[in-house]
Amino acid sequence: MIKHIVWWTLKEEAAGGTAAENGLKIKEMIEALNGKIDELNHVEISLDVFEAPEGCSLVLYSEFDSKEDLQAYAVHPLHQECVAFIKQVVSSRHAIDYVI
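Residues numbered from 1 in each chain as written. Predicted model: local features only at pLDDT ≥ 70, side-chain atom pairs only at ≥ 80, totals over all residues. Heavy atoms only, no water.

### Description of the pattern of salt bridges
Reasoning step 1: Following the criterion strictly, the structure yields 2 salt bridges and no others.
Reasoning step 2: In this structure, Glu 63 engages Lys 3 in a salt bridge whose closest nitrogen and oxygen atoms are separated by 3.1 Å. With Glu 63 in strand 5 (residues 58–64) and Lys 3 in strand 1 (residues 2–10), this pair connects stretches of sequence that are 60 residues apart. The exposure classification of Glu 63 matches that of Lys 3, with both residues buried.
Reasoning step 3: Here Lys 27 ties to Glu 31 by a salt bridge, and the two come within 2.5 Å at their closest N and O atoms. With Lys 27 and Glu 31 both in helix 1 (residues 19–31) and 4 residues apart, this pair spans about one turn of that helix.
Reasoning step 4: For Lys 27, a relative accessible area of 22% translates into the label partly exposed. (Salt bridge = Lys/Arg side-chain N within 4 Å of Asp/Glu carboxyl O. Helix = DSSP H or I, 4+ residues; strand = E, 2+ residues; numbered from the N terminus. Buried < 20%, exposed > 50% of the residue type's maximum accessible area, 1.4 Å probe, protein only.)

Here you go:
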C-alpha cells in the first residue's frame, strides 16, 4: 500500500479568491474525486492544520494499492483539473510517498 501526503502553502489572494476561499475550493475539488478514480482508495483533506511547518495551509492524505496506481492517479484527467487550479493558488507544495 502507498500512502501519499501533500501539504501546500496558499497565496493570500489568487485566481479571484482569498486563501481561505481557495483552500475550501481545493478541499471540495479533491473530495469530489472520491469514487471517481478507480486507483484512489482513500482521500482526505483538511484546512485545520496545526503542529505543521510554518505556512502549511492545507494537507492531503491519500492511499493507493501500488506505485503504479499513484502514477495513474497523478495523470488522471479529473486529478489534472484539480492540479491546474491548485498551481494557480499555491506558493509552495511539499509531498511524501511511502510504502506500507
